[in-house]
Amino acid sequence: MGTASTTAECVIKNKLGLHARPASLFVQTAAKFDSDITVRKGDEVANGKSLMSMLVLSAACGSKLIITARGPDAEQAVKALNELIDRRFDEE
Amino acid sequence: MLHGIPASPGIAIGLALAVGDSERVSLEPESHPITESEVPNEINRFTAALEKTRRQIMELQKRVQSSLQASEASIFDAHLLIVDDKVLTQEVISEIRKRLQSANVVFCEIIRRYIAAISAVDDQYLKERASDVADVAYRILENLNGQERQLLDHLPGQRIVISRDLTPSDTALLDRENVQAFATETGSRTSHTAILARSMKIPAVVGLNVICGQVHNGDMLIIDGFLGAVILNPRQETLELYAQKEAFKEQLYNELQRESALLPETIDGYRVQLAANIDNVNNLDDILNSGAAGIGLFRTEYLFMGGKIPTEEEQFEVYRKIAVAMKDQTTIIRTLDLGGDKLSSVLNLSHDPNPFLGLRSIRLCLAYPELLIPQLRAVLRASAFGNIKMMFPMVTCEDELDKLLEILESVRKSLRSEKKKFDEEMEIGIMIETPAAALFAEHLARKVDFFSIGTNDLVQYTMAVDRGNEKVANLYRPSHPVIVMLIDRIVRAAEKAGIWVSVCGEMASDPRFIPLLVGLGVQELSMSTVSLGMARRVIRRLKMYEAEAFAEKALKCTEHAQILEMSDELLHRIAPDVVSLAMKGG
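Since the structure is predicted, the reported quantities are computational estimates derived from the model, not experimental observations.

Cut-offs and rules
- Residues numbered from 1 in each chain as written.
- Chains lettered and ligands numbered in written order.
- Predicted model: local features only at pLDDT ≥ 70, side-chain atom pairs only at ≥ 80, totals over all residues.
- Heavy atoms only, no water.
- Helix = DSSP H or I, 4+ residues; strand = E, 2+ residues; numbered from the N terminus.
- Buried < 20%, exposed > 50% of the residue type's maximum accessible area, 1.4 Å probe, protein only.
- Contact = heavy atoms within 4.5 Å.
- Areas by Shrake-Rupley, 256 points an atom, 1.4 Å probe, with all protein chains shown as cover.
- Core = buried A, V, L, I, M, F, W, Y, C linked by side-chain atoms within 4.5 Å.
- Buried area = accessible area lost by both parts, 1.4 Å probe.
- Salt bridge = Lys/Arg side-chain N within 4 Å of Asp/Glu carboxyl O.
- Polar contact = N/O pair within 3.5 Å; in protein donor to acceptor, adjacent residues only side chain to side chain.
- Nonpolar A, V, L, I, M, F, W, Y, C, P; charged D, E, K, R; others polar.
- 1 Å grid on protein atoms, 1.4 Å probe; cavity = no way out; pocket = protein on both sides within 12 Å on 5 of 7 lines; lining within 4 Å.
- Points joined across faces, edges and corners; volume = space filled by probe spheres on them.

K.L.:
I keep staring at the overall build of chain B and nothing clicks. Help me out?
P.N.:
When helices and strands are tallied, chain B shows 25 helices and 16 strands. Across the 586 residues in chain B, those meeting the buried criterion constitute 54%. Taking as baseline every contact in chain B between residues at least 6 positions apart, the subset at least 24 positions apart corresponds to 68%. Of the roughly 25100 Å² of accessible surface on chain B, 51% is carried by carbon and sulfur atoms.

If you want it as structure tokens, here you go:
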């Protein structure tokens, strides 16, 4: 596995935050990539491929997240996840 | 004896089947050390339990999807991701190795930590996800223990189902052949679970303070859906008394059945139209045999619940079928009355933070013409085959009505140019179910052919009470003076404009309120077929001048309890046999 790493900052915009459906979509999208994905909110870090971990992170509307991907497809992974958040998980 | 809220009439005597909480495994199992050599076996047990859970959830998802609730099915996607969560799985496996404890112990400790962390979140909505995690955790643990979960769609025989909570989808999946009755701790008389029980004709008591800890599988129970009582392990005398009561009920129902050919006329010859509420086309025979003068409310929502919008042709076939089957009897088709939440996946809608005050019903149809127009076309075309009328639900403002009538006119125009037949004179009505519409009824009445009062929503919106929330359900008061005033106002407005008024909410089927509604001048009462017999008898024991005097007196009352008491008293006097079966409370 390569060691390329990409990072992006984004803000959760959908009203109800990362509730079950968006968190599921996030995890499902992350799972499509080989890279390891971490999501940081303040001091907390979650595994972007684990729903439980994302639910504990509890990103409400307005939360600032830093997504980091490490691996061969890091760039594409971050791009896809960032877009998902920007599209408000197709909820609004 | 335990007292709750009578949710669905009827008496059941039988064996208890306790499901849900009382049966749930504990998430705090006792320490269970294992040896190094047992580790691989524990890990295998754990992964096998995960696999079994995954299959169960997928099966559940498939079933719920096919029984019409697409939005409820989507929650199981998240449940599957919890089962598939690699972080969780790895954590459990490595802890089993490290701590030499059974999979049950390790899994529970870890899952409790997650549940606690999610519950501690500072956001009401996100915090509720802990219950999803717990739901999945219970399943995994049951599978680790080799326990079978009781499926309510297949009971081991005739049983009375006891549960802390039954969601509407639980209720919809109930094994109809074998469920005699059910009793729950949550819920109110007007929660959807209760409404479903009544339409399934299953006796039910809800809102019981405690029941799960007290009732065990196989206990003998009596459920009294008239009084809202649950009797545990009844004595012989009580059993006999209830057997008698049941026999009396049978007898009365048979009597009422035989009366179905009699006209619903007061003693002094005033005719009240009795009509039926239906929510699909399966039981049209029931209606034709019930003595109803027609269908006062045909709910079309079920056509839209399969995760897609039905086409004009699909709808037309359904509406035509009813029109033909009902011959010259009237059918009032209500246009789609759904919350946006139920169609969010089809319409790509965002979640409404406050669905009851949000984009629902006619508002949704106005926002999405692709919902409204095919339905209008289908109803109009069906009107060529029978006696069809149409009504719009939840109209609040006059401009909404204007817009609807304008769209309707343009639909008529295109049907004419396509040479499609329809009834040019088809009556158009609106439901009055918000205080705004009730207070403005005089203006609305000039533009339509009839009003239908939806008392459930009218009471709910007027009293500002969610009728499904047991914490405030006692404030849901159809007998509140304000409700009586609003109904009076609606009827007066209709009189002035020369149009007729129907009531199609629950009030119409409550025998206590029938004299009041008739006395106020309501011309039609529409209810589920099971209530028609009682309503007919009450009307036939009533004198119109008495009912009018009663309504006048009620309009002067300032307390809902007073109106309720008067209504009870009148019913006792004119139809004591009905009282013994009629529901208390509410």
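K.L.:
In this structure, what is going on with the nonpolar core? I would like to understand it.
P.N.:
Residues and elements named next belong to chain B. Counting 108 residues, the largest nonpolar core has Phe 298, Tyr 319, Phe 392, Ile 430, Phe 451, Ile 487 and Leu 525 as the members making the most contacts within it. Looking at this core, the element that brings in the most residues is helix H20 (residues 481-497), giving eight residues. Ignoring sequence-local partners within four residues, the contact set of Leu 525 consists of Val 272, Gln 273, Leu 274, Ala 275, Val 503, Ala 508, Ile 514, Leu 517, Val 518 and Ile 539. By size, the runner-up hydrophobic cluster in this structure holds 66 residues, among which are Ile 34, Leu 60, Ile 111 and Ile 115.

K.L.:
Where do I start with the environment of Gly498(B) in this structure?
P.N.:
Relative to the helices and strands, Gly498(B) is located in the loop between H20 and strand S15 (500-503). The spacing of Gly498(B) and Asp449(B) is 49 residues in sequence and 8.5 Å in space, taken between C-alpha atoms.

K.L.:
Help me understand the interface of chain A and chain B, please; the structure alone is not making it clear to me.
P.N.:
The accessible area lost on association of the parts is a frequent measure of interface size. Chain A puts 22 residues into the contact, and the matching count from chain B is 22 residues. Between chain A and chain B lies a buried interface of about 1800 Å² when both sides are counted; carbon and sulfur atoms form 76% of it. Contact with chain B buries surface across chain A, with Leu16(A), Met52(A) and Val56(A) losing the most and accounting together for 33% of the total. The interface formed by chain A and chain B holds zero salt bridges in total. Counting across the interface, chain A meets chain B through three residue pairs in polar contact (both at pLDDT 80 or more). Secondary-structure elements contributing two or more residues to the side of chain A that touches chain B are helix H1 (20-30) and helix H2 (51-57) of chain A. It is H2(A) that contributes the most residues to the side of chain A that touches chain B, five residues altogether. Here the side of chain A that touches chain B is built from residues that sort into 10 nonpolar, eight polar and four charged.

K.L.:
Could you clarify how one ought to interpret empty space enclosed by the protein in this entry?
P.N.:
Rolled over the atoms, a probe sized like a water molecule indicates the empty space that remains. Under the counting rule described, the total for this entry stands at two cavities of 30 Å³ or more. Counted as a void, the second largest cavity has a volume near 30 Å³. If you trace the second largest cavity, you find it lined by Ala20(A), Leu51(A), Leu55(A), Ala78(B), Ile82(B), Arg129(B) and Asp132(B). Elements with a minimum of two residues in the lining of the second largest cavity: H2 of chain A together with helix H3 (75-83) and helix H7 (129-144) of chain B. Broken down by class, the residue content of the lining of the second largest cavity amounts to five nonpolar, no polar and two charged.

K.L.:
Teacher, can you tell me more about the pattern of salt bridges here?
P.N.:
Side-chain pairing between opposite charges can occur once the charged atoms of the two side chains come close. Residue and element names in this part refer to chain B. Considering all chains together, one arrives at 37 salt bridges over all chains under this definition. Ionic pairing is found between Glu 42 and Arg 45, a salt bridge with its closest N-O pair at 2.9 Å. Here Glu 42 and its partner Arg 45 are both found in helix H1 (residues 39-66), three residues apart, which amounts to about one turn of the helix. The salt bridge involving Glu 95 is made with Arg 99; its shortest N-O contact spans 3.7 Å. Residue Glu 95 and its partner Arg 99 are located together in helix H4 (residues 86-99), separated by four residues, close to a single helical turn.

K.L.:
Any chance you could explain unusual backbone geometry here in plain terms?
P.N.:
Residues and elements named next belong to chain B. A positive phi angle is found at Leu 100, which is not glycine, with a value near 50°. The phi dihedral of Ala 464 is positive, around 55°, even though this residue is not glycine. On the basis of relative accessible area, Ala 464 is assigned to the exposed category, the value being 67%.

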